[in-house]
Amino acid sequence: MLSYRHSFHAGNHADVVKHIVQSLILNSLKQKDKPFVYHDTHSGVGRYDLTHEWSEKTGEYKQGIARLWSAREADQQNLPEDIQSYLESISILNNGEKLRYYPGSPRVARAHLRDQDRMVLTELHPADHPLLEQEFHRDRQVSIYKEDGFKRLKGSLPPKERRGLVLIDPPYELAKEYRDVVTAIAQSHKRWATGIYAIWYPVVNRCDIEDMIEGLEGLGINKILQIELGVSPDTNERGMTASGMIVINPPWKLESQMNEILPFLKEAIAPATGHFKVEWIVPE
Ligand code: SAM
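*Asks:* Can you help me understand the packing of aromatic side chains in this one?
*Replies:* Any pair of aromatic rings gets described here by the distance separating the centres and the angle formed by the planes. Evaluated as defined, the whole model comprises four aromatic pairs. Between Y172 and W200, the ring centres sit 6.1 Å apart and the planes meet at 45°, which makes this aromatic pair tilted. With a gap of 28 residues between them, Y172 in the loop between β6 (164-168) and α8 (176-191) and W200 in strand β7 (residues 196-203) connect regions that are remote in the sequence. Put simply, the rings of Y172, Y178 and W200 pair up and form one aromatic cluster. Above the face of the Y101 ring, R47 is positioned so that its terminal group lies 5.6 Å from the ring centre. The cationic tip of R152 hangs over the ring face of Y145; the distance from NZ or CZ to the ring centre is 3.6 Å.

*Asks:* Explain the sheet that holds strand β9 (residues 242-248) to me, please; I cannot follow it from the model alone.
*Replies:* The pairing of strands in a sheet happens through backbone hydrogen bonds and is either parallel or antiparallel. Across the sheet, which stays open at both edges, the eight strands sit in the order β5-β4-β1-β6-β7-β9-β8-β10 with mixed pairing between neighbours. A strand with exactly one partner marks an edge of an open sheet, and here the two such strands are β5 (142-145) and β10 (275-282). Within the sheet, the average angular offset between the axes of one strand and its neighbour, ignoring direction, is 15°. Where strand β1 (residues 37-40) lies against strand β4 (residues 118-122), four bridges are found, and the strand directions are parallel. The residue of β4 that forms the bridge with H39 is V120. Seen against the sheet, helix α9 (residues 206-217) touches β7, β8 (224-230), β9 and β10 and runs at an angle of roughly 155° to β7.

*Asks:* Looking at this structure, how should I read the pairing of β8?
*Replies:* Consecutive side chains along a regular strand alternate between the two faces of the sheet. Of all seven residues in β8, seven are buried; the element is thus mostly enclosed. Of the pairings in the sheet, the one linking β8 to β9 comprises seven bridges and is antiparallel in character. Directly across from L229, in β9, lies its bridge partner S243. Strand direction decides the pairing type here: β8 and β10, joined by seven bridges, are antiparallel.

*Asks:* Teacher, can you tell me more about the nonpolar core here?
*Replies:* Nonpolar side chains tend toward joint burial in soluble globular proteins. Core analysis: the largest hydrophobic core is formed by 84 residues, its most contacted members being I65, I199, M212, I227, M258 and L265. Per-element accounting of this core gives the leading share, nine residues, to helix α1 (residues 13-29). If we skip the residues at most four places from it in the chain, I65 touches G11, V16, L50, Y86, I90, L99 and Y102.

*Asks:* How should I be thinking about the packing of α8 against α9 in this particular structure?
*Replies:* Two packed helices can be described by the angle between their axes and the distance between those axes. The geometry of α8 relative to α9 is characterised by a closest axis approach of 9 Å and an angle of 15° between their N-to-C directions. Taken together, the axes of α8 and α9 lie roughly parallel to each other. The crossing of α8 and α9 is right-handed. Residues Y178, V181, V182 and I185 of α8 form the contact with α9, whose participating residues are D208, I209, M212, G215 and L216.

*Asks:* What's the story with unusual backbone geometry in this structure? I'm lost.
*Replies:* Leaving glycine out, the prevailing phi sign among residues is negative, and the prevailing peptide bond configuration is trans. Of note, the bond from L157 into P158 is cis; its omega dihedral lies within 30 degrees of zero at -5°. Note that P158 resides in the loop between α7 (149-156) and β6. One non-glycine residue, R162, adopts positive backbone phi at about 60°. On the secondary structure map, R162 appears in the loop between α7 and β6. For N249, which is not glycine, the phi torsion reads 60° and is therefore positive. For N249, the location among the structural elements is in the loop between β9 and α10 (254-269).

What counts, and at which threshold
Residue numbers restart at each chain and count upward from 1, following the sequence in its written direction. With pLDDT at 70 or above as the cut-off, local features in this predicted model cover only qualifying residues; side-chain atom pairs require 80 or more to be listed or tallied, and sums for whole chains, interfaces and linings still use all residues. Neither water nor hydrogens contribute to the side-chain values; these are computed over all heavy atoms in the structure. Put simply, two rings from Phe, Tyr or Trp (the six-membered ring, in Trp's case) pair if the centres are within 6.5 Å, and we call them stacked under 30 degrees between planes, edge-to-face over 60, tilted for the rest. A run of H or I in DSSP becomes a helix once it reaches four residues, and a run of E becomes a strand once it reaches two; helices and strands are each numbered from the N terminus. A ring has a charge above it when a Lys NZ or an Arg CZ is no more than 6 Å from the ring centre and no more than 35 degrees off the ring normal. Two strands qualify as a pair provided that DSSP identifies no fewer than 2 bridges between them. Where helices are involved, their axes are fitted lines through C-alpha atoms of the stretch in contact, as for all axes, and angles between N-to-C directions lie from 0 to 180°. Contacts are assigned to residue pairs that have any heavy atoms within 4.5 Å of one another. A 1.4 Å probe rolled over the protein chains alone gives each residue an accessible area, and that area as a share of the maximum for its type sets the label: buried under 20%, exposed over 50%, partly exposed in between. Buried Ala, Val, Leu, Ile, Met, Phe, Trp, Tyr and Cys residues that are joined via side-chain atoms within 4.5 Å together make up what is termed a nonpolar core. Orientation is classified from the angle alone, with under 35 degrees giving roughly parallel, over 145 giving roughly antiparallel, 65 to 115 giving roughly perpendicular, and any other angle giving oblique. Helix crossings are classified by the rotation of the near helix relative to the far one: an anticlockwise turn of less than a right angle makes the crossing left-handed, while a clockwise turn makes it right-handed.

Right, here's the structure in full:
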């Protein structure tokens, strides 16, 4: 089943948190000259036009990046320094002008790549894969596969660079995908224990997340950090109320950086009902 299309959701509050965390991790990898690999298991198309009818239909970006973009202009003084590189990856796509294009995770990553780095992208959707190919046409630092993201990941580890980030961002259309993530981490960590793994998750049914976390805890892996931003309290009604990233082997500064950034994001995106947390699922 491949009915999920990220165009409906691009730039929403969940993308904002995901891509900020992704940018911070990539920044930390750039602290050393040694090359790194960025591996994206569920890539999407790489760039989203927020004037597209699908974006306009849901208007999700208006409650996400559009609010942060306005806050950035209105509240320059309190803008956390550490979100600059994320905002820069958006500015690049828009030539520093009005917000129209939003970068997907591959474009956020590409803005960070140096000559010595590379990225691996997988996208299975028959309509989205060609768009992704087109986005990175003839880019020699980018390899793109129309394959199951988890299979390609398993076959790619350990990477020759021995340092890098894996972003796992499935659509979670099926309950089984939460278990697939745990299996993928178990297999990947055996092959490459020192890699950084960032798993995105939506809070639609809190139980699914609790089960996934329990599964991850059972793997005997240390250093697992949970980062979450909610826009409203958990509910039994339909819809995503929060989202987060679970990061295995996070860079040492990530916890403090997110503790500084999340209060600002909450104020910018959901001042009345928002909530956030940064917690160790498994400490060092
Ligand atoms: N990571 C993207 C970003 O942040 O811009 C968004 C990805 S979106 C949440 C999930 C993507 O996974 C969709 O584009 C979907 O077509 C793709 N997908 C679904 N099943 C997949 C699979 N088994 N392997 C690879 N991609 C898959």
